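Given next are the chains, with one letter for each unit.
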Amino acid sequence: MKTKIFFLFTIVITMLASCSSDTNVNQTIDSNIIANGMTFVPTSVNVSNGIASIEGESALIFSLSKGTIGNTNYENITFKINYPLTSSSAPSGTYEFGIGETGTMLFAQGSYVKGSLSYSLAGYSVKVTALGNDKYKLEFQNIEAVNISNGSVIIISGYCEGKF
């Protein structure tokens, strides 16, 4: 009898934990991202420290995703920003995807994945605003995402704000 009660208790706790987690994610993410004309609302957002490209800089890696990897419903935007340690506003700033002159602008590198298709973020910018307490606002400013294998280009625009 004790085993049945323990098993039932474990199921109830698991269900409650997964419900509260889902509710928390929906409450902390405000998103209006359009990728290739379709709405992309991430269910998971994350920011982590990255390795800076040059000395005297720091880096952050942002990841926004929904769905399950390997399935057609999977969608992900991941990008890394590099910023000078001497900047008083860092990591807030507008980061350019693409080629530019080192030391004259803020850079970002990244990718967009939809199902089994992968794109490199290649043009235009993302504006990052650090709001404090692990909260960020990301504004995608008509970023060009290029599929290297077939040459197709899609546009990513809109914003995402919340606790990462």
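Here, the structure is the one placed above.
For every chain, the first residue of the written sequence is number 1, and numbering continues from 1 onward in sequence order. Predicted model: local features are reported for residues with pLDDT of at least 70 only, side-chain atom pairs are reported and counted for 80 or more only, and whole-chain, interface and lining totals are derived from all residues. Excluding hydrogens and water, the side-chain figures rest on all heavy atoms present in the structure.

A. Inspection of the overall build of the protein chain at higher detail. Helix and strand definitions here come from DSSP, where helices need a minimum of 4 consecutive H or I residues and strands a minimum of 2 consecutive E residues; each element is numbered from the N-terminal end. Of regular secondary structure, the protein chain possesses one helix and ten strands. Reading the protein chain from its N end, one meets helices and strands in the order α-β-β-β-β-β-β-β-β-β-β. Counting only residues that meet the buried cut, the protein chain has 30% of its 164 residues in that class. Contacts are assigned to residue pairs that have any heavy atoms within 4.5 Å of one another. Taking the intrachain contacts of the protein chain between residues at least 6 apart in sequence as the baseline, contacts between residues at least 24 apart amount to 51%. Throughout, the Shrake-Rupley method with a 1.4 Å probe supplies accessible areas, and for residues the shown protein chains are the sole cover considered. When the accessible surface of the protein chain is summed, it comes to about 9,800 Å², and 56% of that surface belongs to carbon and sulfur atoms. Relative accessibility under 20% of the residue-type maximum defines a buried residue, over 50% an exposed one, and the middle range a partly exposed one, all with a 1.4 Å probe and only protein chains included.

B. Local environment of the side chain of S65. In this structure, S65 sits in strand β4 (residues 57-66). S65 has contacts with F40, P42, T43, S44, Y74, E75 and N76, leaving out every residue within four places of it along the chain.

C. Structural detail: the pairing of strand β7 (residues 107-114). Pairing between strand β5 (residues 75-84) and β7: eight bridges, direction antiparallel. Directly across from E75, in β7, lies its bridge partner K114. One requirement defines pairing of two strands: DSSP has to find at least two bridges between them. Across four bridges, the pairing between β7 and strand β8 (residues 117-132) is antiparallel. Residue pairing for β8: Y112 is matched across the bridge by Y119. Adjacent in sequence and paired antiparallel, β7 and β8 are bridged by two residues, among which G115 carries a positive phi angle near 65 degrees.

D. Representation of the pattern of salt bridges. Here a salt bridge means any side-chain nitrogen of Lys or Arg lying within 4 Å of a carboxyl oxygen belonging to Asp or Glu. Scanning the model with the defined rule gives two salt bridges in all. Ionic pairing is found between E75 and K114, a salt bridge with its closest N-O pair at 3.9 Å. Here E75 is found in strand β5, whereas its partner K114 is found in strand β7, with 39 residues between them in sequence. According to the relative accessible area criterion, K114 is partly exposed, its value standing at 37%. Members of the salt-bridge network, linked through shared partners, are K66, E75 and K114.

E. Expanded view of the packing of aromatic side chains. Each Phe, Tyr or Trp ring (for Trp, its six-membered ring) is paired with any other whose centre lies within 6.5 Å, and the angle between the two planes then decides the class: stacked below 30 degrees, edge-to-face above 60, tilted in between. Considering all chains together, one arrives at seven aromatic pairs under this definition. Plain terms: the ring middles of F62 and F79 are 5.2 Å apart, the flat faces sit at 20 degrees to each other, and that makes the pair stacked. In this pair, F62 is assigned in strand β4 and F79 in strand β5, connecting sequence segments 17 residues apart. The pair formed by F62 and F79 is uniform in burial state, with each residue classed as buried. The interplanar angle of 80 degrees and the centroid separation of 6.1 Å between the aromatic rings of F79 and F97 together place this pair among those described as edge-to-face. With a gap of 18 residues between them, F79 in strand β5 and F97 in strand β6 (residues 93-97) connect regions that are remote in the sequence. With a relative accessible area of 1%, F79 lands in the buried category. Lying over the aromatic face of Y159, K137 brings its terminal NZ or CZ to 5.4 Å of the ring centre. Remark: a charge is flagged as sitting over a ring if the NZ atom of Lys or the CZ atom of Arg is within 6 Å of the ring centre and within 35 degrees of the ring normal.

F. Representation of the environment of E144. Structurally, the position occupied by E144 is in strand β9 (residues 135-146). Judged by relative accessible area, E144 falls into the partly exposed class, the value being 29%. Non-local contacts of E144, meaning those with residues more than four positions away in its chain, are made with S120, L121, A122, G123, Y124, V153, I154 and I155.

This is a description of form; function is not addressed.
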